[in-house]
Amino acid sequence: MPPAKRVQAAHISSQQLKDLHRSLIDIIGEFNRPQRDEYMVRAAGVSLEGVLFPLLVGIERVGPIGLVELADRAGRDYTTVSRQVAKLEALGLVRREENSVDRRVRKVAITPQGKAMTNRIDTARERFARAIFDTWEPGDVAALVRLSRKFADALKS
């Protein structure tokens, strides 16, 4: 039997960890600003209450998703998210569906109307991102995307 492959542990200093953490706090803080959500909604030309925006996008990105997990990911109370999802459902943007694994847990999925709205939001987000990344070297953008995915996957596992 061949020997197990060894992966050298990443060497990161305490200062680098602090710098990384600060960068992530800054990024998350920017993404969580209600003004940013309002800007995206306006830029996309859609009419959507600001608090519903991140839920709709979250459902589209990772759905179908259970309400408890959605609330956890959004950092919000389950009952609040449940009421907000009900608003999205009333607007025809999401639908609740049965969970084939656990019938006690219903999942929320995007509807075609909701997908059309998130597509418009994605177009606005792309314009916004291009304004930032146009000054970056292509290799830097590729490295950011690759390493961000690697970091996110490592956090999930």
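All values reported here derive from a predicted model rather than from experimental measurement.

(A) Layout of the sheet that holds strand E1 (residues 65-66). Read across the open sheet, the three strands follow the order E1-E3-E2; overall the sheet is antiparallel. A strand with exactly one partner marks an edge of an open sheet, and here the two such strands are E1 and strand E2 (94-97).

(B) Focus on a nonpolar patch on the surface. Nonpolar side chains collect at one region of the surface, where Ile12, Leu17, Leu20, Phe151 and Leu155 lie side by side and expose about 450 Å² of accessible area between them. Mapped by element, the contributors of at least two residues to the nonpolar patch are helix H1 (14-31) and helix H7 (138-156). The topology assignment puts Leu17 in helix H1.

(C) Focus on the packing of aromatic side chains. The final tally for this structure, using the stated rule, is two aromatic pairs. Ring centres of Phe133 and Trp136 lie 4.8 Å apart, and the angle between their planes is 90°; on these two criteria the pair is classed as edge-to-face. On the basis of relative accessibility, which here comes to 35%, the residue Trp136 falls in the partly exposed class.

(D) Seen up close, the pairing of strand E3 (residues 107-110). Two strands pair when backbone bridges link them, and E1 and E3 are joined in this way by two bridges, in the antiparallel orientation. By the bridge assignment, Ile65 is partnered in E3 with Val108. Relative to E3, E2 runs antiparallel, the two being bridged by four bridges. Paired with Arg95 across the two strands is Ala109, which belongs to E3.

(E) Looking closely at the packing of helix H2 (residues 34-44) against helix H6 (residues 112-133). Closest axis-to-axis distance for the H2/H6 pair is 8 Å, and the angle between their directions is 110°. As summarised for this structure, H2 and H6 are arranged roughly perpendicular, according to the angle between their axes. Read as a crossing pair, H2 and H6 show a hand that is right-handed. Contact residues: H2 offers Arg36, Tyr39, Met40, Ala43 and Ala44, while H6 offers Arg120, Ile121, Ala124, Arg125, Arg127 and Phe128. A breakdown of the residues in the contact of H2 with H6 according to their chemical character gives seven nonpolar, no polar and four charged.

(F) Focus on the pattern of salt bridges. According to the stated counting rule, one finds 13 salt bridges in the structure shown. In this structure, a network of salt bridges that share partners links the residues Glu60, Arg61, Lys115, Asp122 and Arg125.

(G) Just helix H4 (residues 67-74), in detail. What H4 keeps buried is the set Leu67, Leu70 and Ala71. Take H4 and look down its axis: the buried residues cluster within an arc of 100°, on one side only. Relative to its buried face, H4 has exposed residues pointing more than 90 degrees away, namely Val68, Asp72 and Arg73. Where H4 is buried, its residues touch helix H3 (53-62), E1, helix H5 (78-90), E2 and E3. Looking one or two places after H4, you find Gly75, whose phi comes out positive at around 70°.

(H) Just the packing of H4 against H5, in detail. Put simply, H4 and H5 touch, their axes get as near as 9 Å, and they point 110° apart. As judged from the angle between their axes, H4 and H5 are roughly perpendicular. Where H4 approaches H5, its residues Leu67, Val68, Leu70 and Ala71 are matched on the opposing element by Tyr78, Val81, Ser82 and Val85. Among the residues forming the contact of H4 with H5, the class breakdown is seven nonpolar, one polar and no charged.

Definitions and cut-offs
Residues numbered from 1 in each chain as written. Predicted model: local features only at pLDDT ≥ 70, side-chain atom pairs only at ≥ 80, totals over all residues. Heavy atoms only, no water. Pairing = 2+ DSSP bridges. Helix = DSSP H or I, 4+ residues; strand = E, 2+ residues; numbered from the N terminus. Patch = residues over 30% accessible without salt bridge, like charges linked within 9 Å, V, L, I, M, F, W, Y side chains within 5 Å. Areas by Shrake-Rupley, 256 points an atom, 1.4 Å probe, with all protein chains shown as cover. Salt bridge = Lys/Arg side-chain N within 4 Å of Asp/Glu carboxyl O. Phe/Tyr/Trp six-rings, centres within 6.5 Å; stacked < 30°, edge-to-face > 60°. Buried < 20%, exposed > 50% of the residue type's maximum accessible area, 1.4 Å probe, protein only. Axes fitted to C-alpha atoms, helices over the stretch in contact; angles between N-to-C directions. Parallel < 35°, antiparallel > 145°, perpendicular 65-115°, else oblique. Left-handed = near helix turned anticlockwise from the far one by under 90°. Contact = heavy atoms within 4.5 Å. Nonpolar A, V, L, I, M, F, W, Y, C, P; charged D, E, K, R; others polar. Arc of directions from axis to C-beta.

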